[in-house]
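One-letter residues, chain by chain:
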Amino acid sequence: MQGLQRIDSPGQLRLSTGKAVGIERLEGVNSLPKLRLSHPSGSVVEVYLHGAHVTSWIPAGGGEVLFRSRNASFGGNSSIRGGIPVVFPQFADEGPLPKHGFARTQEWTWLEGDSFDGDTIQVSLLLQESPATQAIWPYSFQTRISVHLAEHELTTELEVTNTGGEDFAFTSALHTYFRVADVRGSAIFGLGGVAYRDKVTGEQRVESEPLLTISGEVDRIYWNAPPEVRIQDVGGGHDIRVRSAGFADMVVWNPWKELARTLPDFDDQEYLEMVCVEAAQIGVPVTLRPGAAWRGSQLLRLNL
Ligand code: TA6
């Protein structure tokens, strides 16, 4: 990066204009540690070590892209409602483990190191097996979340390595909550013709419309989804591209009115302000042999 100089603490840089950019470790809600990445262009992302959870992304020249509930709880055994919860090693309640696995409620370790890669600022967090994870999933693993911030792009990558002596299988998702001005005026393009399981009705269907609009509860797993979809937030003026790699499936979720009332960490009216579009690997679980690794990523891009 040109025009930047390293200053006192590792990972922190200062532009020749004097503006601080780079990575800061800060106290978040409930004094939980969070990392703030500031790009010279003005884009900013925040990541809590609790869950390796991205909670905010403001691209250069834009507003907040990610939804976060006003009632979100932070720390303990809960996942933060909003942002990008990391789902591993089990998607939802499709198996014997706690819903959406354990990665989203564990404390991850920040791997301090080189934070600059061409035009992006990046940070990596690590989670390995512990007595707590082995009590519910008896395997040795290493998971790494890498967050790459550019002017108008945010990439989140999950890497899973089998560090034990026996095979294991997992499902996963980057359960991304997008903020929209009014979900009734938003649309998701790119899923037309794709087969999905409707978790609300239990049916297997094929998406008949070229664009998906939301006017009721939606909870769908699109199988072998195309690598890119677009979320158009008409009222908010956002146009976001979601490009996934490694993840075969894509989930779309909005709880709508009735289900929203049952979620303690979600305000009753907030279903109008969000939609989840999630790069996911569900239909065919990933099986890793000892020493093998898998990678999946999701790139979000703001189109101005
Ligand atoms: O990804 C969609 C989904 O599996 C929905 O079924 C819904 O339950 C949502 O995740 C949120 O789950 P959570 O455990 O965070 O309340």
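Residues numbered from 1 in each chain as written. Predicted model: local features only at pLDDT ≥ 70, side-chain atom pairs only at ≥ 80, totals over all residues. Heavy atoms only, no water.

Across its full length, the protein carries two helices and 24 strands. Relative to its length of 304 residues, the protein is compact, with a C-alpha radius of gyration of 19 Å against a globular reference of 19 Å. Burial statistics for the protein: of 304 residues in total, 54% are counted as buried. A separation of at least 24 residues holds for 63% of the contacts in the protein among residues at least 6 apart in sequence. When the accessible area of the protein is evaluated, it comes to approximately 12,700 Å², of which 46% is carbon and sulfur surface. Between the mean site of the 26 positive side-chain charges and the mean site of the 37 negative ones, the protein shows a separation of 2 Å. (Helix = DSSP H or I, 4+ residues; strand = E, 2+ residues; numbered from the N terminus. Rg over C-alpha atoms; globule rule 2.2 N^0.38 Å. Buried < 20%, exposed > 50% of the residue type's maximum accessible area, 1.4 Å probe, protein only. Contact = heavy atoms within 4.5 Å. Areas by Shrake-Rupley, 256 points an atom, 1.4 Å probe, with all protein chains shown as cover. Lys, Arg positive; Asp, Glu negative; His and termini not counted. Charge placed at Lys NZ, Arg CZ, Asp CG, Glu CD.)

A word on the layout of surface pockets. Taken as a whole, the largest pocket holds about 430 Å³ of empty space. Looking at the largest pocket, it is lined by 24 residues, and the ones nearest its centre are R81, K99, H100, R104 and W253. Its residues assigned to classes, the lining of the largest pocket shows nine nonpolar, six polar and nine charged. (1 Å grid on protein atoms, 1.4 Å probe; cavity = no way out; pocket = protein on both sides within 12 Å on 5 of 7 lines; lining within 4 Å. Points joined across faces, edges and corners; volume = space filled by probe spheres on them. Nonpolar A, V, L, I, M, F, W, Y, C, P; charged D, E, K, R; others polar.)

Moving on to the packing of aromatic side chains. Under the definition given, this model contains 19 aromatic pairs. An aromatic cluster is defined as three or more aromatic residues linked by ring pairs; in this entry it consists of F88, F102, W137, Y139, F141, F168, F170, F247 and W294. Geometry around F189 places R230 over its ring, the cationic atom sitting 4.5 Å from the centre. (Phe/Tyr/Trp six-rings, centres within 6.5 Å; stacked < 30°, edge-to-face > 60°. Lys NZ or Arg CZ within 6 Å of the ring centre and 35° of its normal.)

P89 follows F88 through a cis peptide bond whose omega is 0°. On the secondary structure map, P89 appears in the loop between β7 (86–87) and β8 (109–110). Of note, S31 is a non-glycine position whose phi angle comes to about 60°, a positive value. Tracing the backbone through its elements, the reader meets S31 in the loop between β3 (20–27) and β4 (33–38). Judged by its relative accessible area of 49%, S31 is partly exposed. A positive phi angle is found at N224, which is not glycine, with a value near 45°. Residue class for N224 comes out exposed when judged on its relative accessible area of 61%.

Counting residues in each nonpolar core, the largest one holds 73 residues, and the members touching the most others are W57, L154, F170, F178, I188 and V252. Take this core: its biggest share by element is seven residues, from strand β23 (residues 274–288). Counting nine residues, the second largest nonpolar core, distinct from the first, contains F91, A92, A173 and A280. (Core = buried A, V, L, I, M, F, W, Y, C linked by side-chain atoms within 4.5 Å.)

This paragraph deals with the site of the ligand. In the neighbourhood of the ligand, the contacting residues comprise R81, F91, A92, K99, H100, R104, H175, K199, D219, V251, W253 and E278. At a separation of 3.0 Å, an oxygen atom of the ligand approaches a polar side-chain atom of H175. D219 places a side-chain nitrogen or oxygen 2.5 Å from an oxygen atom of the ligand. Contact with the protein chains covers 88% of the free accessible surface of the ligand, which is 390 Å². If you map the ligand onto the pockets, it falls in the largest pocket. (Near = heavy atom within 4 Å. Polar contact = N/O pair within 3.5 Å; in protein donor to acceptor, adjacent residues only side chain to side chain. Sits in = over half its atoms within 2 Å of the grid points.)

Now for the pattern of salt bridges. Evaluated as defined, the whole model comprises 16 salt bridges. Here R81 ties to D265 by a salt bridge, and the two come within 3.1 Å at their closest N and O atoms. Taken together, the residues R81 in the loop between β6 (53–58) and β7 and D265 in the loop between α2 (256–262) and β23 connect sequence positions 184 residues apart. A relative accessible area of 16% places R81 in the buried class. By relative accessible area, which is 12% here, D265 ends up buried. Beyond isolated ion pairs, a larger network of salt bridges with shared partners links R70, R179, D267, E270 and E273. (Salt bridge = Lys/Arg side-chain N within 4 Å of Asp/Glu carboxyl O.)

The subject of this paragraph is empty space enclosed by the protein. All chains considered together, the criterion is met by one cavity of 30 Å³ or more. Along its surface, the largest cavity is lined by V65, F178, R179, V180, I231, D233, H238 and I240. Among the elements of the structure, β14 (177–179), β20 (228–233) and β21 (238–245) are those that each provide at least two residues to the lining of the largest cavity. Here the residues of the lining of the largest cavity are counted per class, giving five nonpolar, one polar and two charged.

On to the environment of P227, then. Among the secondary structure elements, P227 is positioned in the loop between β19 (218–222) and β20. C-alpha of P227 to C-alpha of S244: the two residues are 17 residues apart in sequence and 5.1 Å apart in space. Beyond its immediate stretch of four places on either side in the chain, P227 contacts V242, R243 and S244.

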